[in-house]
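Close look at the chain arrangement
Now for the letters of each chain:
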Amino acid sequence: MATNKRDLLLGTAERLFYTEGYHATGIDRILSESGVAKMTLYKHFKSKEELILAVLDARQQPMLARLRAAREKLPPRKALLGIFDGLNEMIHSPNAFCGCLFINAAAEYHDRGHPIHQRSAAYKGQFQTHLRELLEALDVAQPEQLARQLQFLIEGALSMAHIEGPGDQALLAKTAAEQLLQAAGV
């Protein structure tokens, strides 16, 4: 539940951007559904792009925090494979699954120099760093390469679940990840 108008705007914008798209969602729709005045929106965000960046930041921080928490509580291999279980839960959440907020943002703002595309790429880079650090803790050879391979499985599962609808994409990706880890000797 939103605790203030800024949080209300962020929550409403995130829901609409996720389900309907960034370009398809106008400021007036966000204002109408949030019940917040236009002046209040522009007090917090100078533009729609600044609002989108804030939405991405608001989603990124708790996701990275959950990954760090799992890394602190679980052995590295279990934390790695747990990502696929979390992905499966996300794909099958009671809310409509509409892909990845970050992939969707990068697709709609496809110019790699655009700040929204760059923010999405930065999150994916931080996610890959997380994977690499788990693999380094497992002392695998070529942790950077294996991290990229695991990320390809995760991103592929996300994309295919978006295209096909929720199914067993994350579980199939987890099986492939287990095979990659076994081939790496862990």
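Read on for a plain summary of the structure. The model shown is predicted, which means the values in this text are computed figures rather than measured ones.

1. Focus: the environment of Arg112
You can see Arg112 is positioned in the loop between helix H6 (101–108) and helix H7 (115–137). For Arg112, a relative accessible area of 67% translates into the label exposed. Beyond its immediate stretch of four places on either side in the chain, Arg112 contacts His117 and Gln118.

2. Points about H6
Within the sequence span of H6, burial applies to Leu101, Phe102, Asn104, Ala105 and Ala106. Elements in contact with the buried residues of H6: helix H1 (5–20), helix H4 (48–73), H7 and helix H8 (143–164).

3. Some points on the pattern of salt bridges
Enumeration according to the criterion identifies 11 salt bridges in this entry. In this structure, Arg29 engages Glu33 in a salt bridge whose closest nitrogen and oxygen atoms are separated by 2.6 Å. One end of the pair, Arg29, and the other, Glu33, are both in helix H2 (residues 27–34), four residues apart, so they sit about a helical turn from each other. For Arg29, a relative accessible area of 34% translates into the label partly exposed. Salt-bridge contacts for Arg132 lead to Glu136; the nearest nitrogen and oxygen are separated by 2.9 Å. With Arg132 and Glu136 both in helix H7 and four residues apart, the pair spans about one turn of that helix. A relative accessible area of 22% means that Arg132 is categorised as partly exposed.

4. Here's the deal with the nonpolar core
Counting residues in hydrophobic clusters, the biggest one holds 55 residues, and the most contacted among them are Leu51 and Leu135. Of all elements in the fold, only H1, H2, H4, helix H5 (76–91), H6, H7, H8 and helix H9 (169–183) reach the threshold of two or more residues within this core. If near-sequence neighbours (up to four positions away) are discounted, Leu135 is found in contact with Leu80, Val140, Pro143, Leu146, Ala147, Leu150 and Leu181.

5. Here's the deal with unusual backbone geometry
For Asp139, which is not glycine, the phi torsion reads 60 degrees and is therefore positive. Position of Asp139 relative to the elements: it lies in the loop between H7 and H8. One non-glycine residue with positive phi stands out, namely Gln142, at about 55 degrees. Inspection of the secondary structure assignment puts Gln142 in the loop between H7 and H8.

Reading guide: rules and limits
- Residues numbered from 1 in each chain as written.
- Predicted model: local features only at pLDDT ≥ 70, side-chain atom pairs only at ≥ 80, totals over all residues.
- Heavy atoms only, no water.
- Helix = DSSP H or I, 4+ residues; strand = E, 2+ residues; numbered from the N terminus.
- Buried < 20%, exposed > 50% of the residue type's maximum accessible area, 1.4 Å probe, protein only.
- Contact = heavy atoms within 4.5 Å.
- Salt bridge = Lys/Arg side-chain N within 4 Å of Asp/Glu carboxyl O.
- Core = buried A, V, L, I, M, F, W, Y, C linked by side-chain atoms within 4.5 Å.

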